[in-house]
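Each chain is listed here by its residues.
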Amino acid sequence: MTSKFKAVVCGTAFGRFYLRAVFDTQWPQAIHRALDAFIASIGNPVLAQHQSAWALSVTRSWHQISTLLGPPALIEPGTPPEVALCQQPCQQEAE
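Residues numbered from 1 in each chain as written. Predicted model: local features only at pLDDT ≥ 70, side-chain atom pairs only at ≥ 80, totals over all residues. Heavy atoms only, no water.

**Description of the overall build of the chain**
- Helix and strand content of the chain: four helices and zero strands.
- Listed by position from the N terminus, the elements making up the chain come as α-α-α-α.
- For the chain, the computed accessible surface area is about 9,100 Å², with 65% contributed by carbon and sulfur atoms. (Helix = DSSP H or I, 4+ residues; strand = E, 2+ residues; numbered from the N terminus. Areas by Shrake-Rupley, 256 points an atom, 1.4 Å probe, with all protein chains shown as cover.)

Structural data, given as structure tokens:
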């Protein structure tokens, strides 16, 4: 693992800074590249066919994985404890 990856996983201040930097710099570039590729595929039937085949194979893989794993187990939290009126903050104090 690289130190940057460790920082992101651990949630250190450096990791939060690194994630912000990724979203501020690399994310817009990735969107522009994806849009450029999409625009290029509009008039190219061979490229569109290749992308369709890829999308179908990804969808088939997700279906197979979902079938093997089965439906997710629902997590139902317990009932929260009651709070007496004297313990609740006053609305006027919050404003």
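Right, picking up where we left off after that structure.
**A closer look at a nonpolar patch on the surface**
- Among the surface-exposed residues, Leu19, Phe23, Trp27, Ile31, Leu35, Phe38, Ile39 and Ile42 lie close enough to one another that they form a single nonpolar patch of about 840 Å² accessible area.
- Its place among the elements puts phenylalanine 38 in helix H2 (residues 13–42). (Patch = residues over 30% accessible without salt bridge, like charges linked within 9 Å, V, L, I, M, F, W, Y side chains within 5 Å. Salt bridge = Lys/Arg side-chain N within 4 Å of Asp/Glu carboxyl O.)

**Some points on the packing of aromatic side chains**
- Counted according to the given criterion, the structure contains one aromatic pair.
- On the basis of an interplanar angle of 55 degrees and a centroid distance of 5.9 Å, the ring pair of phenylalanine 23 and tryptophan 27 is categorised as tilted. Here tryptophan 27 and phenylalanine 23 lie together in helix H2, a separation of four residues that amounts to about one turn.
- In this structure phenylalanine 23 comes out as partly exposed when scored by relative accessible area, which is 42%. (Phe/Tyr/Trp six-rings, centres within 6.5 Å; stacked < 30°, edge-to-face > 60°. Buried < 20%, exposed > 50% of the residue type's maximum accessible area, 1.4 Å probe, protein only.)

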